[in-house]
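# Notes for the structure review
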Amino acid sequence: MRWVTDDAGRRWGVERVGRTSGIVPPKHREGGFPEPADIVRFSCESDRAESPREVTTRAGLLEQLTDSELRALLNIAPRAG
């Protein structure tokens, strides 16, 4: 698990919770099938009232993402249902 602090000073736990297959494209695309993507979940440790958020990102090790990349993903991640 990784940790990131948002602009409001809240501490978020970041973990990969899954991976898309990349097998079934929504429509025919030039260049073949889409690449698999990781599903990343952000959970606010400092404010439990904050809903978890999930977003997809390029497949790979979570450790390869910089803190600024993680913050950017957090900013675009919708709240998980």
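Now for a quick tour of the structure. (Residues numbered from 1 in each chain as written. Predicted model: local features only at pLDDT ≥ 70, side-chain atom pairs only at ≥ 80, totals over all residues. Heavy atoms only, no water.)

### Looking at the sheet that holds strand β3 (residues 37-44)
Pairing between the strands of a sheet is mediated by backbone hydrogen bonds and can be parallel or antiparallel. Spatially, β1-β2-β3-β4 is the arrangement adopted by the four strands of the open sheet, whose pairing is antiparallel. Whereas interior strands pair on both sides, the edge strands pair on one side only; in this sheet they are β1 (2-5) and β4 (53-58). Strand-to-strand twist of the sheet, defined as the mean angle between neighbouring strand axes without regard to direction, takes the value 35 degrees. Across four bridges, β1 lies against strand β2 (residues 11-19) in antiparallel orientation. Bridge pairing in β2 links Val4 to Trp12. In this fold helix α1 (residues 67-76) packs onto β1, β2, β3 and β4, with an angle of close to 70 degrees to the strand it touches most, β1. (Pairing = 2+ DSSP bridges. Helix = DSSP H or I, 4+ residues; strand = E, 2+ residues; numbered from the N terminus. Axes fitted to C-alpha atoms, helices over the stretch in contact; angles between N-to-C directions. Contact = heavy atoms within 4.5 Å.)

### Observations concerning the pairing of β3
Among the eight residues that make up β3, six are buried, leaving the element largely enclosed by the rest of the structure. Both β2 and β3 contribute to a ladder of seven bridges, which runs antiparallel. The residue bridging Glu15 from the neighbouring strand is Arg41, located in β3. The pairing of β3 with β4 spans six bridges and is antiparallel. By the bridge assignment, Val40 is partnered in β4 with Val55. (Buried < 20%, exposed > 50% of the residue type's maximum accessible area, 1.4 Å probe, protein only.)

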